[in-house]
Amino acid sequence: MARNSKPPDFEQALAELESLVERLEKGDLPLEEALRAFERGVALTRHCQASLTAAQQKVEILLRRSGQSDVSPFEEESADDALSEPPADA
C-alpha cells in the first residue's frame, strides 16, 4: 500500500491477507519476499482489527440508543443444537 493511497476497505484487506497467507503457507517464497509479505500481513491484520473494533463500537452505540444497553457475546450454535427439537414444555 502506497503511503498516499487510500487504505483498503475491510473486505479488500481481508482478501489480500488471505492471499498472503496462502502464498506464505506454500513456503516457496524467497526469504526477502516472504518477509515483505509477512510485514504486509501484519499491517493488514491491524487494519482489519481496527475496522472490526470500529464496527463493534458503532453497533454498541446503536443498541444503547435503542434502549438495549446490554450487549451479550455471540455464541455460535453447534450443529447438534440446531437440529434438536425445542423442549416439550414450550
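Conventions and cut-offs
- Residues numbered from 1 in each chain as written.
- Predicted model: local features only at pLDDT ≥ 70, side-chain atom pairs only at ≥ 80, totals over all residues.
- Heavy atoms only, no water.
- Helix = DSSP H or I, 4+ residues; strand = E, 2+ residues; numbered from the N terminus.
- Contact = heavy atoms within 4.5 Å.
- Buried < 20%, exposed > 50% of the residue type's maximum accessible area, 1.4 Å probe, protein only.
- Core = buried A, V, L, I, M, F, W, Y, C linked by side-chain atoms within 4.5 Å.
- Expected span 1.5 Å × (residues − 1).
- Arc of directions from axis to C-beta.
- Axes fitted to C-alpha atoms, helices over the stretch in contact; angles between N-to-C directions.
- Left-handed = near helix turned anticlockwise from the far one by under 90°.
- Salt bridge = Lys/Arg side-chain N within 4 Å of Asp/Glu carboxyl O.

Caption draft 1: Inspection of the overall build of the protein chain at higher detail. For the protein chain, the count of helices and strands is three helices and zero strands. Its helices and strands in sequence order give the protein chain the pattern α-α-α, from N to C terminus. If you take every contact in the protein chain between residues at least 6 apart in sequence, the share linking residues at least 24 apart comes to 61%.

Caption draft 2: Representation of the environment of Ala-50 in the model. Positionally, Ala-50 belongs in helix H2 (residues 31–65). Residue classification places Ala-50 among the partly exposed residues on the basis of a relative accessible area of 46%.

Caption draft 3: Local environment of the nonpolar core. In terms of nonpolar packing, the biggest core is built from eight residues, these being Ala-13, Leu-17, Leu-20, Leu-29, Ala-34, Ala-37, Leu-44 and Cys-48. Contributions of two or more residues to this core are made by helix H1 (10–26) and H2.

Caption draft 4: Inspection of H1 at higher detail. Taking 1.5 Å per residue, 17 residues should reach 24 Å; H1 reaches 25 Å between its end C-alpha atoms and fits that length. Buried within H1 we find Ala-13, Leu-17 and Leu-20. The arc that holds every buried residue of H1, seen down its axis, measures 65°, which confines them to one face. Turned more than 90 degrees from where H1 packs its buried face, Glu-11, Glu-22, Glu-25 and Lys-26 sit exposed.

Caption draft 5: The arrangement of the packing of H1 against H2 in detail. At a minimum axis separation of 9 Å, H1 and H2 run at an interaxial angle of 150°. Crossing of H1 over H2 shows left-handed handedness. Judged by residue contacts, Phe-10, Ala-13, Leu-14, Glu-16, Leu-17, Leu-20, Arg-23 and Leu-24 of H1 engage Glu-33, Ala-34, Ala-37, Phe-38, Arg-40, Gly-41, Leu-44, Thr-45, His-47, Cys-48, Ser-51 and Leu-52 from H2.

Caption draft 6: Local environment of H2. The first and last C-alpha atoms of H2 sit 51 Å apart over 35 residues, in line with the 51 Å expected at 1.5 Å per residue. The complete set of buried residues in H2 reads Ala-34, Ala-37, Arg-40, Gly-41, Leu-44 and Cys-48. For H2, the secondary structure elements touched by its buried residues are H1. Following H2 by one or two positions, Gly-67 has its phi on the positive side, about 95°.

Caption draft 7: Main features of the pattern of salt bridges. Within the structure shown, the criterion is met by three salt bridges. Note that Glu-16 and Arg-40 form a salt bridge whose closest N and O atoms lie 2.8 Å from each other. Pair noted here: Glu-16 is in helix H1 and Arg-40 is in helix H2, with a separation of 24 residues, a long-range link. Accessibility expressed as a relative area gives 18% for Arg-40, which makes it buried. The shortest N-O distance in the salt bridge between Glu-60 and Arg-64 comes to 3.8 Å.

Purely geometric stuff here, so don't read any function into it on its own.
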